[in-house]
Amino acid sequence: MSKLTTYTCDRCKKTSEKPNFLHSITVMVGSRYGNNNGPTVEWCRACVVEAGITSWTPSPPLKKEDLPEALSVEDLIREIIREEMESNGGNQ
Ligand SMILES: [Zn+2]
């Protein structure tokens, strides 16, 4: 006996028997106080592209000189203190 699994897009309701038909989409909303993950849905490739989440064109890998310079821990602490002082109006 064989089983046939049908995969259904949560957005357009198209179906396929191919397991790679669907892609998981989760929206994460983040702030300095933490992250909230929304529900995960499964969309077909056409819906993912149509929603503008990705054009699905492979981009060239980033070169090291294109990446932002990594901050040291000391720089990060200075940055946090500066932001805190600015948000308190500098009345410290
Ligand atoms: Zn779809």
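Quantities reported herein were computed from a predicted structural model and do not represent experimental measurements. (Residues numbered from 1 in each chain as written. Predicted model: local features only at pLDDT ≥ 70, side-chain atom pairs only at ≥ 80, totals over all residues.)

Q: I would appreciate a short explanation of the overall build of the protein chain in the present structure.
A: Assigned secondary structure in the protein chain consists of two helices and four strands. Listing the helices and strands of the protein chain from first to last along the sequence gives β-β-β-β-α-α. Looking at the protein chain residue by residue over its 92 residues, the buried ones come to 4%. By sequence separation, contacts in the protein chain at least 24 residues apart represent 27% of the contacts at least 6 residues apart. (Helix = DSSP H or I, 4+ residues; strand = E, 2+ residues; numbered from the N terminus. Buried ≥ 20, exposed ≤ 12 C-beta atoms within 10 Å, placed from the backbone. Contact = placed C-beta atoms within 7 Å.)

Q: Explain the confidence of the model for the protein chain here, please?
A: Caution applies to low-pLDDT parts of the model: their predicted coordinates are not meant to be read in detail. Mean pLDDT for the protein chain: 80, with 77% of residues reaching 70 or above. Per-element confidence in the protein chain ranges from a low mean pLDDT of 83 for helix α2 (residues 73-87) to a high of 96 for strand β1 (residues 7-8). (pLDDT = per-residue confidence, 0-100.)

Q: For this particular structure, what's the right way to read unusual backbone geometry?
A: Glycine aside, the phi torsion of most residues is negative, and most peptide linkages are trans. For K13, which is not glycine, the phi dihedral falls at a positive 70 degrees. Structurally, K13 can be placed in the loop between β1 and β2 (15-16).

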